[in-house]
Every structure is written in C-alpha cells, then in structure tokens.
Amino acid sequence: MFRFSLRSCLLTCLVICLLLMGLAKLEGIRSDFAHAERISETSRLIEQLGGVVYETTAVIPVTIFKEGYHFRINLPESLRAIEIKGTINNSHDLQLLPRTIHRFKFCVSVDSIDQLPELDAVRHVDIELVDGFDNTSTSLDPTKILRGKFSKQLVSLSLKGDQVTNDFVAMFQDCKNLGVLHLNGRHLTGFGVTKLNTENIIDLSLSGSLEDSHLANFPRFPELRSLHISSSNEINENGLTWLQGCDRLESVILCGGPYTAAAIANVTSLRKIATLELVDATVDDFSSFEKMKSLKSLRIINCPLSDEQLFQLSAMTGLRELTIANSSVTSAGLSRLSLFRNLKHFETDVPLTSKEVVALKLPPGLSSFSNWHLTANLDELRQMKRSHPNVSFSHQEYAAYSNSEYVRMRRGSAASSRKNHE
C-alpha cells in the first residue's frame, strides 16, 4: 500500500495544473497561428484580385464577398479603414466585414443596400449610389435603410449619385459632429443642407443643381475652412450671402455657374481667403478681386479671362502663385506679367515661343515658370536662362535635352541665385 503525504499530493496537483495550463496555452498559440495563417491567405487572395491589405487599412475588390469566397475570408480585426473596389449588389455578402472599422468607402446599387451590415463604429463614410437592377425589391425607402446602417456619431459624410436627394441629405440631421460634408448629385438644390447641424463643419463640398433660394437659407458655418461649390445653375448675390458668416474660410473652389459680380463680391470680401480656384466657371467681373489682399494662390482654368481682366488681377499684391489655363489671355496679355510684383510661381497654357519668353518682363522674385506648350532646344533654353537666370522653366522643355544637361543648367541657375542673394 502506497502512502502519500499531503505535501506530495499538493505537488502532484500543482504539476498537473501546470501541464493543463501549458496545454491550453499551446492550443491557444496553435489557434492564433492558424488564425494568422487564414488572415495571410485572405490577404494573398485579395492581392491576386487587385487589392491590398495593410495592418489598419485595406482596398478590397468586391469580388471577395461573393459566395464562393466566403470560407476563405478572414480579415484582421486591426483594420480601421476599408475601401471596396467595385459595386456592391445582391450577389455580395458583407456580413464578414470587421465591425471595428472607422472609415468605409464603397459603391452600392440601390436595390442592394440591405446587404450592408450595421456599422455603428464607422465615423467616416464615403458612399456612391448607383441604380440597381430591381428598385422594387423592398417596400421601404432604400435611402432610409442606408441611413439606418450608420450611427449619429458620423464625423465625415460623402454622398455621390443621382439617388442623393435633398430628403436623403436631411436624414443626417441628427449627426451633430459632422466636420466634413461632401455632396454630389444632380438633384441637389441645397435644401437638404438647411436641415443639418453645421456648427462643426470645416470642409464643405456641394455639387448639383444649386438654387439661390435654398442657398440663401443656409445655416451658419462658423468653423468652415474649405469650400467647393459646383452648380449647373446661375448663382446670384443671394446664393452666397451666407459666406459673410464664414470668418475662418481659407480655401474656395467655384465651378459651373455663371457667378454674377454680386455673388463673387461675397467671396472677395472675405479677409482670410488664401487659395481661390475658378474651374469651368463663368465670372462676370474680376474688378472686386483686388480686395483680396490675403490671397496667395489663384487658379483660373476654363474661364473666359481676357487680357484686360488679367491686368485687373495685378492689383492683388499678396499673390504668390498664379495659374491660367484655357482662357482668352494672349501672349500680349502676358507682357504685363511683371506687374505681379510678388509672384513666385506662374503656370499657363498660353502658346509661347522661346523668343517670346526671352522678351517677357517677369516679376523680380519669380522662381518658376511653367508653360504647357513651350518647346525649346538647348540653345534656346540657354537664352531663356541668360535672360531670366533665377527662373526655373518646366513642362515640354524636358524633351529638348538630356537629364544631365538640365541638371548642369539648374545648378548654374541656383549658383547665380545664391550670388545675387549674397
């Protein structure tokens, strides 16, 4: 008969417990290793389909969510931002998406919105809506279903597509923390924005059939820093009067229009505007631009700017960067370029020859001159450099000489600049 002391029994139990704990830990390690291997397999599959997976971000082809791939999908829980390439439809199941993602960008057909999971953790969402094959598949408004997928804690909201209406935009009125709002839809008039809480919005982009009557009723945007407006309708004075309360606005992009002189005056009267872009915009009058003493960068693209209007812009003494493309400005108009006394960078598509560039009187502090149509051989380039030793010329000139020759000339220009500075 064996006799066991209490001490030996306790030691035996301790050894057994340690063995069991070791086995459990080993099983956990084995499970973690298997899970990591499945995640790696999913990442390789996504890369084969044209996507990519990093530790916290991923671009995932929508094909991965088809039924045939389900048993192979294992996405890391560390993902915080996901973009889905392709259009989500009824053949896709996104229930395997991590519920921890904070940023979500995707395109979905209207009849497939109910395929989306509820993503309460998402704070930044970028949605493009496209017509589905069967818009009668549900008796409920698909936009209401989509709104229900996200919480009222959204910080950034981007909506694009013909299905984006004023009523749909108004559904987000309970989102009190919106800081970024981008809306693009041909049915948008601006009315939906009047229903939103705009106190914290710093970045606003609106594109659609905007109407003065709705824009005039915009709420306050006290924190607004960046504005992009693109309208297929004319914008008059009342359409931009709400800008007078945007004391922190620094960057403005205006597209479409036309914009009347009274409407533009609401922009040019803002004191902190540093960047202004007019793209495919019709502007009646540029005379009020001289008020913009704080403006540093001005881009005018696909706008009917004349030589005389370019002369009006020379009164903007703070301007450092100027781009003019697809306008009515001629080489004769550029002869007044020296009036922009503080200009540092100039870019244009006005056709010029090397001789015309040599003859130009450029601003004394200009450091770069880009011309989209300029071509010059090496001798012509040297003449331009001799005439304007502190200016760097770019674009088509690169095709005229080898890289080594260009490097030598740039070094010579830099040395000349330092000598003049000293």
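Calculation notes
- Residues numbered from 1 in each chain as written.
- Predicted model: local features only at pLDDT ≥ 70, side-chain atom pairs only at ≥ 80, totals over all residues.
- Heavy atoms only, no water.
- Helix = DSSP H or I, 4+ residues; strand = E, 2+ residues; numbered from the N terminus.
- Contact = heavy atoms within 4.5 Å.
- Areas by Shrake-Rupley, 256 points an atom, 1.4 Å probe, with all protein chains shown as cover.
- Buried < 20%, exposed > 50% of the residue type's maximum accessible area, 1.4 Å probe, protein only.
- Polar contact = N/O pair within 3.5 Å; in protein donor to acceptor, adjacent residues only side chain to side chain.
- Arc of directions from axis to C-beta.
- Patch = residues over 30% accessible without salt bridge, like charges linked within 9 Å, V, L, I, M, F, W, Y side chains within 5 Å.
- Salt bridge = Lys/Arg side-chain N within 4 Å of Asp/Glu carboxyl O.

Peer 1: Would you explain the overall build of the protein chain in this entry?
Peer 2: The helix and strand tally for the protein chain stands at nine helices and 16 strands. When contacts within the protein chain are restricted to residue pairs at least 6 apart in sequence, those whose partners lie at least 24 apart make up 44%. In the structure as shown, the protein chain presents an accessible area of about 21500 Å², 52% of it carried by carbon and sulfur atoms.

Peer 1: I keep staring at the side chain of serine 288 and nothing clicks. Help me out?
Peer 2: Here serine 288 is to be found in the loop between strand E11 (275–283) and strand E12 (297–301). A relative accessible area of 10% places serine 288 in the buried class. A distance of 3.2 Å separates a polar atom in the side chain of serine 288 from a polar atom in the side chain of threonine 268. Once residues within four sequence positions are removed from consideration, serine 288 is found in contact with Ile264, Ala265 and Thr268.

Peer 1: How do you make sense of helix H8 (residues 378–387) when you look at a structure like this?
Peer 2: Working note: α-helix, 3.6 residues per turn, so residues spaced by three or four point in the same direction. Listing the buried residues of H8 in full gives Leu378, Leu381, Met384 and Lys385. End-on, the buried residues of H8 take up no more than an arc of 115 degrees, which puts them together on one face. In H8, the exposed residues that point more than 90 degrees away from the buried face are Asp379 and Arg386. Taking the backbone nitrogen of aspartate 379 as reference, a side-chain oxygen 3.2 Å away marks asparagine 377 as the first, capping residue of H8.

Peer 1: Please clarify how a nonpolar patch on the surface should be interpreted in this entry.
Peer 2: Taken together, Leu11, Leu14, Leu18 and Met21 make up a surface patch of nonpolar side chains, about 420 Å² in accessible area. Along the chain, leucine 18 falls in helix H1 (residues 6–48).

Peer 1: What am I meant to see in the pattern of salt bridges here?
Peer 2: Pairing of side chains with opposite charge becomes possible as their charged atoms draw close. Within the structure shown, the criterion is met by eight salt bridges. Of the charged contacts in the structure, one is a salt bridge between aspartate 174 and arginine 147, with a shortest N-O distance of 2.8 Å. Of this pair, aspartate 174 sits in the loop between helix H3 (166–170) and strand E7 (180–184) while arginine 147 sits in helix H2 (residues 142–147); the two residues are 27 residues apart in sequence, bridging distant segments of the chain. The exposure class assigned to aspartate 174 is partly exposed, which follows from its relative accessible area of 32%. By relative accessible area, arginine 147 is classed as buried at 9%.

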